[in-house]
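Each chain, letter by letter, is given below.
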Amino acid sequence: MKQTDVKSLINYIALKILGGSDYVLNALEEYLVKGEGPASVAYKYNISKHQLRGYAQRIIEKSGSEGKAKKIVPILKDISVNIKPIVKRSDDGMYKCSICSMTMSREDTEEHVRKYHKEALTVAIKEMQTRLDQIKQELQKAKEEKTVIFTSAS
């Protein structure tokens, strides 16, 4: 079984969100975790079912398995809750960057973020990693509190 590539997962999701695809984790949760059909989920988020399956496949590959992906998607949702898109869809169907006001097509949004707003991407990635580390510490602390030491009284 392949090991989970946490850094790659965080980078992928941060770029998706900043590039205006902030619906991706909700769609993946409905499709992968809750088991809803790809056509209905895709319709709800105004994407094709092929795009949805592509997102799912990338998350599965980076997670190492479908089972891990199902567990990781809710965690990714939790750690990315404060990340907001910097590229948003305009009324005319084009996408506009809230930082530099550049207008672009949907296909160019992630490349725009990567190329011109690397610092915003870096901040988002660090914020997500920090939140993940906090969750890990909370889980470790809870695990330690539940551990009971048994001794033999002979």
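Residues numbered from 1 in each chain as written. Predicted model: local features only at pLDDT ≥ 70, side-chain atom pairs only at ≥ 80, totals over all residues. Heavy atoms only, no water.

1. Focus on the environment of M94
The following threshold applies: Helix numbering and strand numbering both begin at the N terminus, where a helix is a DSSP run of H or I of at least 4 residues and a strand a DSSP run of E of at least 2. Classification of residues uses two cut-offs on accessible area relative to the type maximum, computed with a 1.4 Å probe and protein chains only: under 20% is buried, over 50% is exposed, and between them is partly exposed. By definition, residues are in contact when any of their heavy atoms lie within 4.5 Å.
Note that M94 resides in the loop between β1 (87-89) and β2 (95-97). With relative accessibility at 32%, the residue M94 sits in the partly exposed group. Sequence separation of M94 and R106 is 12 residues, and the distance between their C-alpha atoms is 6.9 Å. Residues contacting M94, with those up to four places away along its chain left out, are K88, R89, T103, M104 and S105.

2. Considerations on the UniProt feature "coiled-coil region" (unreviewed entry) in the protein
Here is the rule we go by: UniProt positions are given in the numbering used here, feature names are shortened, and annotations may be inferred rather than shown by experiment.
Mapped onto the present numbering, the UniProt feature "coiled-coil region" (unreviewed entry) falls at residues 118-145. Taken end to end, residues 118-145 has its terminal C-alpha atoms 41 Å apart, with 100% of it in helix and 0% in strand.

3. Quick notes on unusual backbone geometry
Of note, the phi angle at N46 is positive, near 55°, even though the residue is not glycine. Within the fold, N46 resides in the loop between α3 (38-44) and α4 (49-63). Looking at N46, the relative accessible area reads 65%, which means it is exposed. Although it is not a glycine, S101 adopts a positive phi angle of roughly 65°. Among the structural elements, S101 can be located in the loop between β2 and β3 (103-104).

4. Points about the pattern of salt bridges
Applicable threshold: Take a side-chain nitrogen of Lys or Arg and a carboxyl oxygen of Asp or Glu: if they are within 4 Å of each other, that pair is a salt bridge.
One pass over the structure, following the stated rule, counts eight salt bridges. Put simply, R106 and E110 hold a salt bridge, and the shortest N to O gap is 4.0 Å. Residue R106 is classed as partly exposed on the basis of its relative accessible area of 22%. Taking relative accessible area as the criterion, E110 reaches 17% and is therefore assigned buried. A salt bridge links R114 to E111; the shortest N-O distance between them is 3.9 Å. Here E111 and R114 lie together in helix α6 (residues 109-116), a separation of three residues that amounts to about one turn. With a relative accessible area of 39%, R114 lands in the partly exposed category. Of the residues examined, E111 reaches a relative accessible area of 43% and is grouped as partly exposed. One salt-bridge network, held together by shared partners, links K16, R106 and E110.

5. Points about the packing of aromatic side chains
Convention followed: Stacked, tilted and edge-to-face are the three classes assigned to paired rings of Phe, Tyr and Trp, where Trp is represented by its six-membered ring and a pair needs centres within 6.5 Å; plane angles under 30 degrees give stacked, over 60 edge-to-face, the rest tilted. Throughout this description, the term charge over a ring refers to an Arg CZ or Lys NZ atom that lies within 6 Å of the ring centre and within 35 degrees of the ring normal.
The tally for this structure, following the rule as stated, stands at one aromatic pair. Geometry around Y95 places R106 over its ring, the cationic atom sitting 5.5 Å from the centre.

6. A look at the nonpolar core
Operational definition: By nonpolar core we mean a set of buried residues, namely Ala, Val, Leu, Ile, Met, Phe, Trp, Tyr and Cys, connected to one another through side-chain atoms within 4.5 Å.
Core analysis: the largest hydrophobic core is formed by 42 residues, its most contacted members being I13, L28, L32, I59 and L76. Listed by contribution, the elements that provide at least two residues to this core are α1 (6-18), α2 (24-33), α3, α4, α5 (66-79), β2 and α7 (118-146). Leave out the neighbours within four places in its chain, and I59 touches L9, Y12, I13, L28, A69, V73 and L76.

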